[in-house]
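Residues per chain, in single letters:
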Amino acid sequence: MIGSPAKSDRTQILPPSPSLKKIPLRFQASVVVIKGYAEGMEYPIDKAYAVIGRSTNAQVRIKDALVSREHAVIVYHEGAFLLKDLDSTNGTHMRGASIRQRKLRHGDKFRVGETTLQFILQETGRNRTYEIA
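Heads up: these notes are all about the structure in this document. (Residues numbered from 1 in each chain as written. Predicted model: local features only at pLDDT ≥ 70, side-chain atom pairs only at ≥ 80, totals over all residues. Heavy atoms only, no water.)

Time to look at the pairing of strand β5 (residues 72–77). A large share of β5 lies buried, amounting to five of its six residues. With four bridges joining them, strand β3 (residues 49–53) and β5 adopt antiparallel strand pairing. In the strand pairing of β5, Tyr49 is matched with Val75. Note: β5 against strand β6 (residues 80–85), six bridges, orientation antiparallel. For Ile74, the partnering residue across the bridge sits in β6 and is Leu83. (Buried < 20%, exposed > 50% of the residue type's maximum accessible area, 1.4 Å probe, protein only. Helix = DSSP H or I, 4+ residues; strand = E, 2+ residues; numbered from the N terminus. Pairing = 2+ DSSP bridges.)

Further remarks concern the nonpolar core. Formed by 26 residues in total, the largest nonpolar core has its most connected members in Val31, Ile52, Ile74, Phe81 and Phe110. Looking at which element gives the most residues to this core, the answer is strand β1 (residues 27–35), with four residues. The residues touching Phe81, leaving out its near neighbours within four places in the chain, are Ile23, Phe27, Ala29, Ile74, Val75, Tyr76, Arg102, Lys103, Leu104, Phe119 and Leu121. (Core = buried A, V, L, I, M, F, W, Y, C linked by side-chain atoms within 4.5 Å. Contact = heavy atoms within 4.5 Å.)

Residue position: Ser88 is located in the loop between β6 and β7 (92–94). Residue Ser88 is classed as buried on the basis of its relative accessible area of 13%. From its side chain, Ser88 meets the backbone nitrogen of Gly91 in a polar contact 3.0 Å long. Among residues more than four places away in sequence, those in contact with Ser88 are Ser68 and His71. (Polar contact = N/O pair within 3.5 Å; in protein donor to acceptor, adjacent residues only side chain to side chain.)

So, on to the sheet that holds β5. Each strand in a sheet pairs with its neighbour through backbone hydrogen bonds, running either in the same direction (parallel) or in the opposite one (antiparallel). Spatially, the five strands line up as an open sheet ordered β4-β3-β5-β6-β9, and their pairing is mixed. At either margin of the open sheet sits one strand with a lone partner, and together these are β4 (60–61) and β9 (101–104).

For β6, a buried count of five out of six residues is recorded, marking the element as mostly surrounded by other parts of the structure. Joining the antiparallel neighbours β5 and β6 is a turn of two residues, in which Glu78 adopts a positive phi near 50°. In the sheet, β6 pairs with β9 via four bridges, with the strands oriented antiparallel. Across the sheet, the residue bridging to Lys84 is Gln101, located in β9.

Structure below.
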């Protein structure tokens, strides 16, 4: 057809590809389940893009019916760790409020579904180590 764009000429919008980069070696980051299934389980965060959800591909796999397959992500970007909701059905909550994105600090607690997690960060490059109180 004249005037119709060829199939190969159409603009395609693809989701951003997750970063496979690792976080700097001076950081040791993890999340711990403090309430919910597998309470006490610790998941290391060693990539700059770590998905939290029910998916078998999630770095932090949560067995909770109220958690989306890809519910949220912890991203290491420009020297900071960020928690981002991935347009989940039931939202990501921190300090009693629903969030879209929030900077994470050592000890921060957040909830996905009925599961509460705590972010743990150890920074060894500056002779500082954080521990769970």
